[in-house]
Amino acid sequence: MMTPLLVAVPVAVVEAAETTVQQQQQQFIVKEKDNHDVMNDTTNTQSSSSATNLLFPMVGVGVGNLRRHLVDGIVTSSLDMGFQLVDTARASQNEHVIAKSIYNYRDRDRDRDHERDVPLQNDSDKNVHVITKVWYTHLGYNRTKLSVQESIQEMITALVQNKDVHHQDGDVSKSTKIRLHILLHWPRCNDRIEWMRCQEEEDALPQYVKDAGPPPHLDKEHAWKGSWRALEDLYLENQQPSQQQSSQVTIESIGVSNFELQDMKDLIKDCRVKPSLYQGNVWIVLHNPNLYHLLQENGIVFQAYNVMNGVLQRKNVAPNAFSVLSRIGNQLDTVVRRVETGGTREGEQPQGPITAITESMVVMAWLIQEGISVIPRTSSLKHLLENSPSSIASVPTLTREEKEQVRAAMSALMRGEDIKIEATFQNKMSVPVKVYWRNGRTGQEYAVTHTLETGGAMSTIQTHPGHVFVVYEENQTATTSSSIRKKFMVTANYGERQHFTILDDDDEL
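How each quantity is defined
Residues numbered from 1 in each chain as written. Predicted model: local features only at pLDDT ≥ 70, side-chain atom pairs only at ≥ 80, totals over all residues. Heavy atoms only, no water. Pairing = 2+ DSSP bridges. Helix = DSSP H or I, 4+ residues; strand = E, 2+ residues; numbered from the N terminus. Axes fitted to C-alpha atoms, helices over the stretch in contact; angles between N-to-C directions. Disulfide = S-S within 2.5 Å. Buried < 20%, exposed > 50% of the residue type's maximum accessible area, 1.4 Å probe, protein only. Salt bridge = Lys/Arg side-chain N within 4 Å of Asp/Glu carboxyl O. Expected span 1.5 Å × (residues − 1). Core = buried A, V, L, I, M, F, W, Y, C linked by side-chain atoms within 4.5 Å. Contact = heavy atoms within 4.5 Å.

Caption draft 1: Spotlight on the sheet that holds strand β17 (residues 485–489). The strand order across the open sheet built from four strands is β14-β13-β16-β17, with neighbouring strands paired in antiparallel fashion. This sheet does not close on itself; its edge strands, each paired only once, are β14 (445–447) and β17. When strand polarity is set aside, the average angle formed by the axes of neighbouring strands in this sheet is 30 degrees. Direction of pairing for strand β13 (residues 433–438) relative to β14: antiparallel, over a ladder of three bridges.

In structure tokens:
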């Protein structure tokens, strides 16, 4: 089957609903718990009782730190391509631009539908999810509340301006809601991080922010805890039916970003409302198992950033690993093309026009199929289309072997340590043997294993496609008289494994 964009969040369980291909491309369906996952009773944390359905997209577009003049174009184009999630931060100072782009786009969309006499879509089809984050200068209960209120006000102001410009009757964007997800950007300002300037940033704040609460960099272990209480209060207040119905900007969930393992343990232990979302560097998925497993155990959705810079733009440091992604993309592309003409992989269904499956799409599909949300940032429309929900949904489900290979390739690219082929030699002969690599240019042979004793002894080495190995009885080489000499050639690709069994008969494997 093609990549399904489905995932669970801590306030939810996945709903196995009947959906159209278009719905699967754009969103995953989750059910909120009746108690909004308020952690007053630890016995109910696994409850699957539900209230209302919440639609939340797994694939979004990041515009934080994007040059301001590009934001409107990227947001508008992303909506055109089926995105329903935009990621930013309060520190990026573009929330107003994002909201204005969303309202303008939805108005134009509605006008086009009206001109074509297209029936009105469901309200949920008009909703757009926006993630914003509270900067570390605004940690602490009152400062965090102030930051969130300013974020919401920026978006409401964009709506009001939109009404004034486009619809004098005040009937603008009635069915368009911004569903806001608010995260704490960092647990603290850290002087050990080169670009963080704790005291300088504090000194530069407006006086009204300073008056709202004490400097958080002077209370680094506790300030974020006050912030989380503020988010809990804001979230719970926003769940009142009257608030949900009357506001065009609603707080749908709360979460954190860049928290360390101990911070997450403390948060989960003490919280009233569990975080729905953890936004972090994709590095954590493969190289910080303790933190990643803690999030999984608590049903907290991991949302990855730095996928492009951290993985895909590092092909020069690990070209073999990058070639694995290219090869798998080509394999999957072949599957899609065969599906279009009848299908060969069980369960595959046609999924629109044929497009090449790129390395970026392979990585994104792997993340989505692992239940990891993605928010790649780009200023390129070509890359935006590559990263779109429909493009990622068109990627066939990866096999177990393909998943292992993609995982290994991503890890190698992140670490800057290239991958090879794992070749295992197993001795099932009646005498001990050694394995030698033969240099194809010079003909010289070099021992690559210790002595493999009888009874199935094995040795695994790293090698390359096309390499040739020869096997001699122990203490024998090409320069001595040996009654045993077997030859093996590596036919596997980078990222794969190959097993060679050394037998007593004359078969060459």
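Read on, since the account is not over.
Caption draft 2: The state of the cysteines, seen in detail. In the structure shown here, the tally under the stated rule is one disulfide. Between the sulfur atoms of C189 and its disulfide mate C198 the distance is 2.1 Å. Negative torsions about the S-S bond denote left-handed disulfides, and the value of about -95 degrees found for C189 with C198 makes this one left-handed. Considered together, C189 and C198 belong to a single accessibility category, that of buried residues.

Caption draft 3: View of the pattern of salt bridges. According to the stated counting rule, one finds 21 salt bridges in the structure shown. The residue R188 makes a salt bridge to E221 at a minimum N-O spacing of 3.8 Å. Of this pair, R188 sits in the loop between β7 (178–184) and α6 (198–203) while E221 sits in the loop between α7 (207–212) and α8 (223–238); the two residues are 33 residues apart in sequence, bridging distant segments of the chain. Its relative accessible area of 15% is what places R188 among the buried residues. R272 is the partner of D233 in a salt bridge, and the nearest nitrogen-oxygen pair spans 2.7 Å. Of this pair, D233 sits in helix α8 while R272 sits in the loop between α10 (261–270) and β9 (277–281), and the two are 39 residues apart along the sequence. Residue R272 is classed as partly exposed on the basis of its relative accessible area, which comes to 29%.

Caption draft 4: Region of interest: helix α18 (residues 400–415). Between its first and last C-alpha atoms α18 spans 23 Å; for 16 residues at 1.5 Å apiece the expected length is 22 Å, and the two agree. For α18, the full list of buried residues reads E402, Q405, V406, A409, M410, S411, A412, L413 and M414. One or two residues past the end of α18 sits G416, with phi positive at roughly 75 degrees.

Caption draft 5: Spotlight on the nonpolar core. Judged by nonpolar contacts, the single largest core of 115 residues is most densely connected at M264, Y278, M410 and F425. Ranked by residues supplied to this core, first place goes to helix α15 (residues 359–369) with eight residues. Judged by nonpolar contacts, the second largest core, of seven residues, contains F56, L85, L277 and V301.

Caption draft 6: Main features of the environment of E402. Its location among the elements puts E402 in helix α18. Note on E402: relative accessible area 6%, which makes it buried.

Caption draft 7: Broad picture of unusual backbone geometry. Of note in this structure, N65 is not a glycine but carries a positive phi near 65 degrees. Assignment of secondary structure puts N65 in the loop between β4 (61–62) and α2 (68–80). Phi is positive for N258, which is not a glycine, with a value near 65 degrees. Structurally, N258 is set in the loop between β8 (249–257) and α10. The exposure class assigned to N258 is buried, which follows from its relative accessible area of 12%.

Caption draft 8: Highlighting the environment of F56. Here F56 lies in strand β3 (residues 53–56). Along the chain, F56 and Q84 lie 28 residues apart, while their C-alpha atoms are 8.1 Å from each other.

Caption draft 9: View of the sheet that holds strand β18 (residues 497–502). With mixed pairing, three strands are arranged side by side in an open sheet as β15-β12-β18. Across the chains shown, the open sheet's two edge strands, defined by having one partner strand only, are β15 (458–463) and β18. Averaged over all pairs of adjacent strands, the angle between their axes in this sheet comes to 20 degrees, without regard to strand direction. Taken together, the six bridges between strand β12 (residues 421–427) and β18 define a ladder with parallel strand orientation. If you follow Q426 over to β18, its bridge partner there is T501.

Caption draft 10: Molecular detail of the environment of M414. Within the element layout of this structure, M414 appears in helix α18. Taking C-alpha positions, M414 is 9.2 Å from V317, a pair spaced 97 residues apart along the chain. Residues contacting M414, with those up to four places away along its chain left out, are V282, W283, L286, H287, G310, V311 and R314.

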